Amino acid sequence: MIDPSIQQRYQSACQQASYNLLRHPQATMAEQLNQLAKEVAEDEQRDVYGSGQLIEDFEYQIAELLGKEAALFLPTGTLAQPLALKVHSLQTGKTDVALHPSSHLLLHEQMGIEHLWGLNPQAIGDPQQPIKPADLKALNAEPLGALLIELPMREIGGQLPAWDSLKEQSQWARENGIRRHLDGARLWQTPDFYQRGLDEISALFDSVYVSFYKDLGGISGAVLAADTKFIQQAKIWARRAGGNLISLYPEILAARRGLRENLPMMPDAVRYAHALGSALAELKGVEVTPDPPQAAMFHLTFAISRQRLADKISLYVQEQGVVILPLPRSGDSHRAVCEVTIGRNAMTQPQSFWLRHMKQFIATL
Ligand SMILES: Cc1ncc(COP(=O)(O)O)c(C=O)c1O
């Protein structure tokens, strides 16, 4: 846990800073609401309990993009994913789910997958690497109803399995009657690495979840895409779980705008991250994971305590007016890990600018 006074110092320094390496520029609430007001077409009506042209057209747009028959807009990924696994479980009659130890469902959802959804998660693979076909072949496939794969893998720097490995895993699951679910919270980052479209990547999975507020800069919200029968069942479970809201139009409008504005620049962000991460890997005093980066993100590890690194980062932002790093998201008394996500902010500057600042920052450690 980082000292709250450091967190406060960091946050106020970020507000004053002139340059930021991380993500997209963030509009104020007032600016965002104004943008959304302009996003509404004259004849558009608010959605009502999941019905109406606004929500249905958007669901159709995402289903098409992912090459699936149908889609369902939901308030969170924390609802969309265990719900998808529940539907798979009902259709297969099996409750076991294989997933990576770093999955959001195991680390950040208070084990709702078990407590709320009655499923039985099985962590598989090396915690620091993507799942491999050999990890799957070593399993007893019999009790498994579903396999969850995250692309890219956020907790390990946005790593991606090679295409052949992914195909082999998907094929193994299909041959064993195991449903394949994709945690695509940041799926938008992956086409450049695979040199394949979102639909071709999604075709390896029976159900796909995507998010709109991470890479795309929306407010919140998720879409679950799959075949029509699956989505019909998912709607029933969303209603049961309190995920069928009277209206979601602000989230849908922000998601639609984010998709239009930010999806086209994702390949540039991935290439920028690849080049910047490769150059940072040459520096002494910092380790880049993965090296080279595979998505529009990477992790930086420093051999210093989490608390001390947080203090040094806050000081640097305060003094230089440059947000060179976020506060470390993990670590201990002798190492600290920061997550860098590349968006339009970083790309306003040449890479030499960030390299110069990173060198200068490392010299302060
Ligand atoms: C990989 C991954 N899956 C799922 C989620 C859940 O998304 P939500 O915040 O919409 O519940 C997140 C959120 O950070 C995530 O990073």
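Residues numbered from 1 in each chain as written. Predicted model: local features only at pLDDT ≥ 70, side-chain atom pairs only at ≥ 80, totals over all residues. Heavy atoms only, no water.

Which parts of the structure should I look at to understand the site of the ligand?
In the vicinity of the ligand there are 13 residues, among which Gly-77, Thr-78, Asp-183, Arg-186 and Tyr-213 approach most closely. In this structure, an oxygen atom belonging to the ligand sits 2.8 Å away from a main-chain N or O atom of Gly-77. Residue Asp-183 places a side-chain N or O atom 2.9 Å away from a nitrogen atom belonging to the ligand. Protein contact buries 89% of the 390 Å² of open area that the ligand shows by itself. Considering only residue class, the shell around the ligand consists of three nonpolar, five polar and five charged. (Near = heavy atom within 4 Å. Polar contact = N/O pair within 3.5 Å; in protein donor to acceptor, adjacent residues only side chain to side chain. Areas by Shrake-Rupley, 256 points an atom, 1.4 Å probe, with all protein chains shown as cover. Nonpolar A, V, L, I, M, F, W, Y, C, P; charged D, E, K, R; others polar.)

Would you mind going over the sheet that holds strand β5 (residues 144–150) with me for this structure?
As a general point, the strands of a sheet are linked pairwise by backbone hydrogen bonds and lie either parallel or antiparallel. A sheet is described by the order of its strands in space; here seven strands give the open sequence β2-β8-β7-β6-β5-β3-β4, paired in mixed fashion. Bordering the open sheet on either side are β2 (70–74) and β4 (120–123), each of which pairs with just one other strand. When strand polarity is set aside, the average angle formed by the axes of neighbouring strands in this sheet is 20°. With five bridges joining them, β5 and strand β6 (residues 179–184) adopt parallel strand pairing. (Pairing = 2+ DSSP bridges. Helix = DSSP H or I, 4+ residues; strand = E, 2+ residues; numbered from the N terminus. Axes fitted to C-alpha atoms, helices over the stretch in contact; angles between N-to-C directions.)

Help me understand the domain arrangement of the protein chain, please; the structure alone is not making it clear to me.
Many descriptions give the size of an interface as the accessible area lost when the pieces come together. Here the protein chain is partitioned into domain 1 (4–25 + 264–362) and domain 2 (47–246). Using only C-alpha atoms to locate each centre, domain 1 and domain 2 end up separated by 29 Å. Counting residues at the interface gives 17 residues for domain 1, matched by 16 residues for domain 2. Between domain 1 and domain 2 the total buried area reaches about 1,400 Å² when both faces are included, carbon and sulfur atoms providing 50% of it. Of all residues in domain 1, the largest losses of buried area upon contact with domain 2 belong to Met-266, Gln-294 and Met-297, amounting jointly to 37% of the total for that side. Here domain 1 and domain 2 share three salt bridges between them. Notably, a salt bridge pairs Arg-154 with Glu-339, separated by 2.7 Å at the nearest N-O pair. Summed over the shared surface of domain 1 and domain 2, the number is eight residue pairs in polar contact (both at pLDDT 80 or more). At the level of secondary structure, the elements contributing two or more residues to the side of domain 1 that touches domain 2 comprise α13 (266–280), β10 (297–302) and β13 (336–341). For the side of domain 1 that touches domain 2, the element with the most residues is α13, which contributes four residues. In terms of residue class, the side of domain 1 that touches domain 2 is built from eight nonpolar, five polar and four charged. (Domains from an automatic or database assignment. Contact = heavy atoms within 4.5 Å. Buried area = accessible area lost by both parts, 1.4 Å probe. Salt bridge = Lys/Arg side-chain N within 4 Å of Asp/Glu carboxyl O.)

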